[in-house]
Amino acid sequence: MLDGVTPRIGVLALQGDVREHTHALAACGAEPVAVRRESELAAVDGLVLPGGESTAISKLLEVFELLEPLRQRLRDGMPAYGSCAGMILLANEVLDTRPDMHTLNGIDMTVRRNAFGRQVDSFETDLEFAGLDDGPVRAVFIRAPWVERAGADVEVLARVPSGPAAGTIVAVRQGNVLATSFHPEVTGDLRVHRLFVETLVRPRAGV
Ligand code: GLN
């Protein structure tokens with residue numbers, strides 16, 4: 001419970017690690033709700049787009065007739081958080097994907113799928129994350145995307161600290177839409193989810 005308000009936060013439940021996000025949101029004091037239909041989307045205050053397979057989720061958004069309603073809610077300013085495949089879907093441009101993949105245009109950025117290459121296909125590292133002051137965040141990357149271009153209104157929240165991909169952008173926010181290349185839902189560290197839940201309780205100015 002935050003400031004006496006319990007936000008209803010949807011988890012897009014078409015494919016991917018829905019359960020882990022559901023648990024993390026509940027542990028933050030939000031009310032998680034599975035979203036598979038338009039009526040469920042209409043009833044939530046914000047939405048988490050989980051990790052999974054972005055091209056599959058894109059296809060299912062079409063099949064479940066959620067693509068346009070979701071784009072519309074994002075245009076109307078609904079807060080959203082995407083991890084990994086969810087980050088890819090929130091971008092307005094995606095590289096190394098299928099030509100028929102849909103994007104949701106939630107963040108003005110170009111994202112490259114499966115960007116880290118074979119040797120570091122999946123890896124973990126500790127990141128400094130802007131706005132989270134009590135120590136680095138353990139970041140788990142699983143065939144993760146990176147952000148190749150962040151638009152002028154996009155805040156960069158975290159970059160890979162070292163190694164071959166040092167400096168690469170892996171967490172961003174534009175208004176009330178947040179995205180990470182990595183999966184905080186699998187580490188038990190709730191700070192990124194809390195940051196998102198707080199945007200529903202205290203929306204950021206100017207959006
Ligand atoms: N590689 C996946 C994709 O393109 C994302 C992986 C993930 O979400 N862990 O959708």
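Here the structure is a predicted model, which is why all the values come from computation and not from measurement.

Analysis parameters
Residues numbered from 1 in each chain as written. Predicted model: local features only at pLDDT ≥ 70, side-chain atom pairs only at ≥ 80, totals over all residues. Heavy atoms only, no water. Buried < 20%, exposed > 50% of the residue type's maximum accessible area, 1.4 Å probe, protein only. Helix = DSSP H or I, 4+ residues; strand = E, 2+ residues; numbered from the N terminus. Near = heavy atom within 4 Å. Polar contact = N/O pair within 3.5 Å; in protein donor to acceptor, adjacent residues only side chain to side chain. Areas by Shrake-Rupley, 256 points an atom, 1.4 Å probe, with all protein chains shown as cover. 1 Å grid on protein atoms, 1.4 Å probe; cavity = no way out; pocket = protein on both sides within 12 Å on 5 of 7 lines; lining within 4 Å. Sits in = over half its atoms within 2 Å of the grid points. Nonpolar A, V, L, I, M, F, W, Y, C, P; charged D, E, K, R; others polar. Phe/Tyr/Trp six-rings, centres within 6.5 Å; stacked < 30°, edge-to-face > 60°. Points joined across faces, edges and corners; volume = space filled by probe spheres on them. Salt bridge = Lys/Arg side-chain N within 4 Å of Asp/Glu carboxyl O. Contact = heavy atoms within 4.5 Å. Pairing = 2+ DSSP bridges.

Novice: So what's going on with helix α6 (residues 191–201)? Residues and values would help.
Specialist: Residues lying three or four places apart along an α-helix face the same way, a consequence of the helix completing one turn every 3.6 residues. Most of α6 is tucked away: nine of the eleven residues are buried. Those residues of α6 not exposed but buried are Arg191, Val192, His193, Leu195, Phe196, Val197, Thr199, Leu200 and Val201.

Novice: Report on the site of the ligand, specifying residues and quantitative values.
Specialist: If you check the shell around the ligand, you find Gly51, Gly52, Glu53, Ser54, Cys84, Ala85, Ile88, Arg113, Asn114, Ile142, Arg143 and His183 and nothing else. One nitrogen or oxygen atom from the main chain of serine 54 is found 2.5 Å from an oxygen atom belonging to the ligand. Separating a nitrogen atom of the ligand from a backbone N or O atom of isoleucine 142 is a distance of 3.0 Å. With the chains in place, 94% of the 300 Å² that the ligand exposes on its own is no longer accessible. A majority-of-atoms criterion places the ligand in the largest pocket. Its residues assigned to classes, the shell around the ligand shows four nonpolar, five polar and three charged.

Novice: Before we move on, could you go through the packing of aromatic side chains and cite the residues and values that matter?
Specialist: Under the defined criterion, the tally for this structure stands at seven aromatic pairs. Where tyrosine 81 meets phenylalanine 196, the ring centres are 6.0 Å apart and the plane angle is 45°; that geometry is what we call tilted. Of this pair, tyrosine 81 sits in strand β4 (residues 80–83) while phenylalanine 196 sits in helix α6, placing them 115 residues apart in sequence. Each member of the pair, tyrosine 81 as well as phenylalanine 196, is classed as buried. Ring centres 5.1 Å apart and planes at 65° place the aromatic pair phenylalanine 116 and phenylalanine 123 in the edge-to-face group.

Novice: Can you tell me about the layout of surface pockets, naming the residues and giving the values?
Specialist: Approximately 180 Å³ is the volume attributed to the largest pocket. Lining the largest pocket are 14 residues, with Gly52, Glu53, Cys84, Ile142 and Arg143 sitting closest to its centre. Classifying every residue of the lining of the largest pocket gives five nonpolar, five polar and four charged.

Novice: Before we move on, can you summarise the pattern of salt bridges with the specific residues and values?
Specialist: Side-chain pairs of opposite charge can arise whenever the charged atoms involved come near each other. Taken as a whole and judged by the stated rule, the model has 15 salt bridges. Linking arginine 8 and glutamate 31 is a salt bridge whose minimum nitrogen-to-oxygen distance equals 3.2 Å. Note that arginine 8 is positioned in strand β1 (residues 8–12) and glutamate 31 in strand β2 (residues 31–35), a separation of 23 residues in sequence. According to the relative accessible area criterion, arginine 8 is partly exposed, its value standing at 29%. Given the relative accessible area of 33%, glutamate 31 is considered partly exposed. Sharing partners across several salt bridges, the network here consists of Asp96, Arg112 and Glu148.

Novice: So what's going on with helix α4 (residues 67–75)? Residues and values would help.
Specialist: Restricting attention to buried positions, one finds in α4 the residues Leu67, Pro69, Leu70, Arg71 and Leu74. If you follow the buried residues of α4, they end up packed against α2 (38–42), β3 (46–49), α3 (54–63), β4, α5 (85–90) and β12 (177–180). Glycine 77 sits one or two residues past α4 and shows a positive phi near 100°.

Novice: Summarise the side chain of histidine 21; cite the residues concerned and give the values.
Specialist: Take histidine 21: it is sitting in helix α1 (residues 18–27). The class for histidine 21 is buried, based on a relative accessible area of 0%. Contacts of histidine 21, omitting those with residues within four sequence positions, involve Val11, Val48, Pro50, Gly51, Tyr81, Ser83, Glu185 and His193.

Novice: Tell me about the pairing of strand β11 (residues 169–174), and name the residues and values.
Specialist: Counting buried residues in β11 gives five out of six residues, a clear majority hidden from the surface. Bridge count between strand β10 (residues 155–159) and β11: four bridges; the pairing is antiparallel. Directly across from valine 156, in β11, lies its bridge partner valine 172. Connecting β11 to the antiparallel partner β12 that follows it, the hairpin turn spans two residues, and glycine 175 within it adopts a positive phi of roughly 60°.

What is shown is where atoms sit, not what they do.
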